[in-house]
Protein chains: 2
Amino acid sequence: MTGKTGTTSRRGFMRAGLAASVALPALAAQARAQGGPDPLITEVQDWASFMGEGVDATPYGLPIHFESDVIRRNVEWLTADTISSINFTPIHRLDGTLTPAGCAFERHHSGAIELAKPDYRLMVNGLVERPLVFTYEDLERFPRKQAVYFCECAANSGMEWGGAQLNGSQFTHGMIHNMEYVGVSMRVLLEEAGVKPEGKWIYVEGADASSNGRSIPLEKAMDDVLVAFKANGEALRKEHGYPVRLVVPGWEGNLWVKWLRRIEVTDMAVESREETSKYTDTLADGTSRKWTWVMDAKSVVTAPSPQVPITHGPGPLVITGLAWSGRGAITRVDVSKDGGKTWETARLAAPGVPMAMTRFYLDTHWDGSEMLLQSRAVDETGYVQPTKDALREIRGMNSIYHNNGIQTWWIKEDGSGENVEVSA
Amino acid sequence: MTGKTGTTSRRGFMRAGLAASVALPALAAQARAQGGPDPLITEVQDWASFMGEGVDATPYGLPIHFESDVIRRNVEWLTADTISSINFTPIHRLDGTLTPAGCAFERHHSGAIELAKPDYRLMVNGLVERPLVFTYEDLERFPRKQAVYFCECAANSGMEWGGAQLNGSQFTHGMIHNMEYVGVSMRVLLEEAGVKPEGKWIYVEGADASSNGRSIPLEKAMDDVLVAFKANGEALRKEHGYPVRLVVPGWEGNLWVKWLRRIEVTDMAVESREETSKYTDTLADGTSRKWTWVMDAKSVVTAPSPQVPITHGPGPLVITGLAWSGRGAITRVDVSKDGGKTWETARLAAPGVPMAMTRFYLDTHWDGSEMLLQSRAVDETGYVQPTKDALREIRGMNSIYHNNGIQTWWIKEDGSGENVEVSA
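Calculation rules
- Residues numbered from 1 in each chain as written.
- Chains lettered and ligands numbered in written order.
- Predicted model: local features only at pLDDT ≥ 70, side-chain atom pairs only at ≥ 80, totals over all residues.
- Heavy atoms only, no water.
- Helix = DSSP H or I, 4+ residues; strand = E, 2+ residues; numbered from the N terminus.
- Buried < 20%, exposed > 50% of the residue type's maximum accessible area, 1.4 Å probe, protein only.
- Areas by Shrake-Rupley, 256 points an atom, 1.4 Å probe, with all protein chains shown as cover.
- Polar contact = N/O pair within 3.5 Å; in protein donor to acceptor, adjacent residues only side chain to side chain.
- Least-squares fit on C-alpha atoms with pLDDT ≥ 70 in both.
- Contact = heavy atoms within 4.5 Å.
- Disulfide = S-S within 2.5 Å.
- Buried area = accessible area lost by both parts, 1.4 Å probe.
- Salt bridge = Lys/Arg side-chain N within 4 Å of Asp/Glu carboxyl O.
- Nonpolar A, V, L, I, M, F, W, Y, C, P; charged D, E, K, R; others polar.
- Domains from an automatic or database assignment.
- Phe/Tyr/Trp six-rings, centres within 6.5 Å; stacked < 30°, edge-to-face > 60°.
- Lys NZ or Arg CZ within 6 Å of the ring centre and 35° of its normal.
- Pairing = 2+ DSSP bridges.
- Arc of directions from axis to C-beta.
- Core = buried A, V, L, I, M, F, W, Y, C linked by side-chain atoms within 4.5 Å.

When you go through chain A residue by residue, the secondary structure sums to 8 helices and 23 strands. Here chain A, with 424 residues, has 64% of them falling under the buried criterion. Of the roughly 15000 Å² of accessible surface on chain A, a fraction of 55% belongs to carbon and sulfur atoms.

What follows is about the environment of Asp367(A). Residues and elements named next belong to chain A. Inspection of the secondary structure assignment puts aspartate 367 in the loop between strand S20 (358-366) and strand S21 (371-379). Taking the C-alpha atoms as reference, aspartate 367 lies 33 Å from methionine 175; in sequence the two are 192 residues apart. A distance of 2.5 Å separates polar atoms of two side chains, one belonging to aspartate 367 and the other to serine 369.

Next up on the list: the relation of the copies chain A and chain B. Turning chain A through 180° and shifting it by 0.0 Å along the axis lays it on chain B, with an RMSD of 0.0 Å. With respect to symmetry, the two chain copies, as superposed, fit the operation of a two-fold axis. A share of 100% of interface residues in chain A that are also interface residues in chain B marks the association as one of identical surfaces.

Quick look at the state of the cysteines now. Under the defined criterion, the tally for this structure stands at 0 disulfides over all chains. Free of any disulfide, Cys151(A) has its nearest neighbouring cysteine sulfur in Cys153(A), separated by 8.1 Å.

Moving on to the environment of Val378(A). Residue and element names in this part refer to chain A. Mapped onto the fold, valine 378 is located in strand S21. When the C-alpha positions of valine 378 and lysine 220 are compared, they lie 23 Å apart, and in sequence the two are 158 residues distant. The residues touching valine 378, leaving out its near neighbours within four places in the chain, are Ile330, Thr331, Arg332, Tyr383 and Val384.

Every contact between the two is made by 111 residues of chain A and, on the other side, 111 residues of chain B. Roughly 9400 Å² is buried in total at the junction of chain A and chain B, and carbon and sulfur atoms are behind 58% of that figure. Inspection of the chain A/chain B interface yields 6 salt bridges. Residue Arg121(B) pairs with Asp38(A) through a salt bridge whose shortest N-O separation is 2.8 Å. Inspection of the chain A/chain B interface yields 30 residue pairs in polar contact (both at pLDDT 80 or more). When residues in the side of chain A that touches chain B are grouped by element, the largest group, 9 residues, is from helix H1 (residues 2-21) of chain A. For the side of chain A that touches chain B, the residue count by class is 48 nonpolar, 30 polar and 33 charged.

Now for the domain arrangement of chain A. When the parts of a complex come together, some accessible area is lost, and that lost area is often used as the size of the interface. Residue and element names in this part refer to chain A. According to the domain assignment, chain A consists of domain 1 (10-48), domain 2 (82-289) and domain 3 (298-420). Placing the centre of domain 2 and that of domain 3 at their C-alpha centroids yields a distance of 27 Å. Contacts between the two partners involve 44 residues from domain 2, matched on the other side by 41 residues from domain 3. When the two sides are added together, the surface that domain 2 and domain 3 hide from each other amounts to roughly 3500 Å², 55% of it contributed by carbon and sulfur. At the junction of domain 2 with domain 3, the criterion picks out 3 salt bridges. Among the ionic pairs, glutamate 160 bridges to lysine 388, the shortest N-O distance being 2.9 Å.

A few words on the packing of aromatic side chains. Any aromatic ring pair is given by two values, namely how distant the centres are and how the planes are angled relative to each other. With the rule as written, the count across this model stands at 22 aromatic pairs over all chains. Ring geometry for Tyr136(B) and Phe229(B): centres 5.7 Å apart, planes at 70°, overall edge-to-face. Note that Tyr136(B) is positioned in helix H4 (residues 136-139) and Phe229(B) in strand S9 (residues 226-231), a separation of 93 residues in sequence. With a relative accessible area of 4%, Tyr136(B) lands in the buried category. A residue is classified by how much of its surface remains accessible, and Phe229(B), at 1% relative accessible area, is buried. Both rings, one in Trp291(B) and one in Trp293(B), keep their centres 5.4 Å apart while their planes meet at 25°; by these two values the pair is stacked. Taken together, the aromatic side chains of Trp201(A), Trp251(A), Trp291(A) and Trp293(A) make up a single cluster linked through ring pairs. Here the basic side chain of Arg376(A) rests over the ring of Trp343(A), its NZ or CZ set 4.0 Å away from the ring centre.

All names here are of chain B. Most of strand S6 (residues 176-185) is tucked away: 10 of the 10 residues are buried. Inspection of the sheet shows strand S5 (residues 144-152) paired to S6 by 9 bridges, in the antiparallel sense. Bridge pairing in S6 places lysine 145 opposite glycine 183. Bridge count between S6 and S9: 5 bridges; the pairing is antiparallel. Across the sheet, the residue bridging to glycine 183 is alanine 228, located in S9.

Residues and elements named next belong to chain A. With antiparallel pairing, the 5 strands of this open sheet are ordered in space as S18-S17-S21-S22-S23. The open sheet is flanked by strand S18 (344-345) and strand S23 (417-420), the only strands paired with a single partner. As paired elements, strand S17 (residues 330-336) and S18 share 2 bridges and run antiparallel to each other. In the sheet register, aspartate 334 faces S18, and the bridge partner there is threonine 345.

All right, on to helix H8 (residues 388-395) of chain A then. Residues and elements named next belong to chain A. The set of residues buried in H8 consists of Lys388, Leu391, Arg392 and Arg395. When H8 is viewed along its axis, its buried side chains cluster within an angular range of 100° and face the same direction. Along H8, exposed side chains directed more than 90 degrees from the buried face belong to Glu393 and Ile394. Where H8 is buried, its residues touch strand S13 (281-282) and strand S14 (288-289). Downstream of H8 by one or two residues, glycine 396 has phi in the positive range, about 75°.

Residue and element names in this part refer to chain B. Ordered by their spatial adjacency, 4 strands build an open sheet running S15-S16-S20-S19, and the pairing between neighbours is antiparallel. Pairing within the sheet leaves two strands with one partner each, and these edge strands are strand S15 (298-303) and strand S19 (347-348). Here 2 bridges tie S19 to strand S20 (residues 358-366), and the two strands are oriented antiparallel to one another. Its bridge partner lying in S20, leucine 348 is registered against phenylalanine 360.

Moving on to the side chain of Glu205(A). Residue and element names in this part refer to chain A. Structurally, glutamate 205 can be placed in strand S7 (residues 201-206). Looking at glutamate 205, its side chain comes within polar contact range of the side chain of arginine 262, at 2.9 Å. Every residue in contact with glutamate 205, bar those within four places of it in the chain, is listed here: Ser211, Gly213, Val257, Leu260, Arg261 and Arg262.

Time to look at the nonpolar core. With 104 residues, the main nonpolar core has Tyr181(A), Met186(A), Leu190(A), Ile202(A), Leu246(A) and Leu260(A) as its most contacted residues. In contact with Leu260(A), not counting residues within four places along its chain, are Tyr120(A), Arg121(A), Leu122(A), Val204(A), Glu205(A), Gly206(A), Val227(A), Val244(A) and Leu246(A).

All chains considered together, the criterion is met by 61 salt bridges over all chains. A salt bridge links Lys220(A) to Asp224(A); the nearest nitrogen and oxygen atoms lie 3.0 Å apart. With a closest N to O distance of 2.6 Å, Asp69(B) and Arg93(B) form a salt bridge. On the criterion of sequence distance, the pair formed by Asp69(B) in the loop between helix H3 (39-42) and strand S1 (85-86) and Arg93(B) in the loop between S1 and strand S2 (107-108) is long-range, its members being 24 residues apart. Judged by relative accessible area, which is 34%, Asp69(B) ranks as partly exposed.

Right, let's talk about unusual backbone geometry for a bit. A cis amide bond, omega 0°, links Tyr242(A) with the succeeding residue Pro243(A). If you trace the backbone, Pro243(A) turns up in the loop between strand S10 (234-235) and strand S11 (245-247). Note that the residue after Ala303(A), namely Pro304(A), is joined by a cis bond; omega there is -5°. Tracing the sequence through the fold places Pro304(A) in the loop between strand S15 (298-303) and strand S16 (315-324). A positive phi angle, near 60°, is found at Met355(A), a position not held by glycine. Within the secondary structure, Met355(A) is located in the loop between strand S19 (347-348) and S20. What makes Met355(A) buried here is its relative accessible area of 14%. Despite not being glycine, Trp291(B) shows a phi value in the positive range, around 55°. Topologically, Trp291(B) is positioned in the loop between strand S14 (288-289) and S15. On the accessibility criterion, Trp291(B) (22% relative accessible area) is partly exposed.

Here it is in C-alpha cells:
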C-alpha cells in the first residue's frame, strides 16, 4: 500500500508544486514560478532569528489564531429559538477520533447553567431502600470507571430526511462528539441506595430549568451508564454539564442528562415531554416509534467535503471520515467514489472501539474527474449502514430523528464539493 | 470489590456529611448543622428558574471559571532564564489518561514561534537518492497514522535526585502529557526520498532559533516515529510545534522536535549540543551516559498528594495516579501506604497501551491515620520501577535527567500532604 502510494505521490508532487505555490507569500510564489530558490528554504526567517512567545502567557492555552475557523457553528434557521440552541462540531477540520472539548457540539433546552461543586447535589429516590443525596465530594469517593464514547444528538442529520440540505459535514453530521469519560457507575449508586424489586426504570433529570427528564430501563442503567465528572482528562465544560452529567453509551444524546440532579427509580416509564412529543419518530401512517434510544451504525466522509475542497491537482489524495455505532464496535467502512455503484474498503486508523468513533482513511489517487463520495459503515453485529432511500421506505418522511443514511458529496473537477443525493 | 466498597462507603457517608457541609453556602451549612432540610435540595434554585448562557458566545470554549486553578505552572527558580522555559501539566487535578492540549506542559529553548501553514517547509536531505522539500499540503497527501503516546521531558522529576524538593505531583512529575496524534510515518517520507545504504542516522531540527537539533538512529526512525500535525483531534497548539512536530514514541521529549524544519540522513550521529552538553547523564565518576533515549517505566500518585489533600474524614478513599513506560505497555501498578513495606495491587482503568499513560486506582478505606503513599509501575518487559536510592547507587548524584524513582507522599492525619523520602 505504502509502496504504491509512494510511487503515485512522487508524480503527484511534481504537479502539486505549482498548485501549492498559489498559497505562498508573493516572494516565494514568484521565486517558485521562476523555478528559482524558495526563500522560505534558502533564507533565514524571522522565526529562526528571534525569541518566540513564552508560554507563561497562556496558563490555559487556546488554538493558534490561524485555526480560528475551527469552531462550533450554528445554523441560523435551526436556532431561531434562543431558549433552545444547537451548535455543531467542526468535524470537517478534525482528524483522529477525539473531539476537543472546546469545539465539541452542545445542545441545550434552557441554556448552559453555572453550577458550582459546593452547590451540587444528586438525589437518588423513588423505589429504593435508602433514599440518598450525594454531594460532589461524595461521588469522588466511589470507584471510578474510564472509557471513550461518542455522544450523538438523535436529530443529527435530521435535516437530511427531506433531501440534501446543509452544505458541509459540520452541519449534516456535527451534532456528535467523542471523548474519554471518567465517572462512577450508575450501578454502584443504585446499589448504594438499594433498588426495590418493583423498580424497573430510572427517571433522570438535570438541574437546569428544562430539567430534560428522561426514562431509562433499569437493565441499561445497571449495565454501562456512567455518572461522569471528567471528559478528556479535565472537568466537564460548563456547556457539557459541569460538574456532573450522565453518559449513556451508544444511546441518543438527549439521554445524556447534563447538570444531573436526580435519579428516581420507578416501576414504569414516566413518558415525559422529551420522550413523547419529542424524541419519537413519526412514521408515514402518523403513528410514532418510541424508545428508539440506540444510535445505529453511521459514517460520513469529513474530507474532502463541501467545507474542505481539494486544493491540489490530480495525484495522491487522502479521503477520510468517521464511523460509529451504538450497538458496538465498527468493523468495516467502505468508500464509494461513484455514488454507491462500486466500493473500496477503507483502512481503519485503529481497531473499532465499542460505542466510540472510528477514523477511516482511503489512501487513493485522484485522476481529477468528479466524484460522488460516499461512506458505508458496518458494525460488529453485522448491521450495514443503509441508504437514505432505504430508511424513507420504512420510516416515511415525517421523521426528524435517527437519520443514519449514507451521505453523498459531489466533488467536482475544480475540487469543490456539494451536498447531493443519488437514487439507488 | 464493588460490594465491599459499597458497604464501607455507606458508613463513610454518615461521617462525611458534616465534613462536606463546611464547603457549603452559609444557609445550607446552617440547615444541615441543625439537621434541617438542605435548601440546595428543597428550594428551587436560580439555575433551575432562569435561562443559562447560550453557547454561541463561546465558539471555541474554555473551562468554567471554577476550574481556573487547573492550569500549567512554572517554578520560578527553574525558569529564571526567560529564553528557555518549562511549565508543568496540572496532573494532580486531571483524571483518565488524556491531557487537554490547553494545559499540556511545554518546554522550549527559544520561545514558541508562530509559523503559518503556507510558510511551512520540511526538507529531507543528506544521504538520500532524492532530496525533497514538502509543503504542509504535501504532507496531508501521504497515508496517515493515529496513536496515543506520552511525551515526557527527560528532566521530569530531575529535581528529586537531591531529595524531596517540590511539593506537588504537578511539579515533581508534570513535565509530561499524553495525547492522540495523527501524522505521517517518518518511514514513508524517508522512502519517498530514498535512503542511501550509508544512511544510518537522521538528524532532525526545528524552525525556531534554537533549532534543537537531535540525532536519531535510522532503525527507530523507520519504526514508529511520526511527523505529526494533529493532537487530540485538532491542529497542534502553537506551543506544541504548530503546524508540524516530531513524535518519537517512548523516547525523551527533547527528541520530539517542534516546528520540524529538516530531516537529514547521516552516516553517524551529529553529537549536537542537545545530545552532548545536554541530555546526557553524568555519573559519579564524572563520565556521562549518552543516547539514553528511552523513558523507563514510572508512576506517581496524583491524588491524594500535596496539592490535593484529603478533605473528608475517615472512610472510603480513592487513591489514583498515572503510570507509563517507554518500553511498552504498563501491566501492573502497586500502591503502598507505608512507604514501601507492604504493597497492594491497584486497578488499571483500562489495559495498558504501549508508550501511553495508564490510569490506576486503589479503591480503599482510610482509617484516618497518616500514610506514606507510593506507587510502583511494572511494564510488559517485566521491568519494575526502582526506588530513588536504587537509582542513586548506580547513577550517583550528578544526574539531572531520567529520574524514574518511586515518589513518596506523606499524607498526614489532617489530610494534608508533603513530598518526603523514605530510605529502604
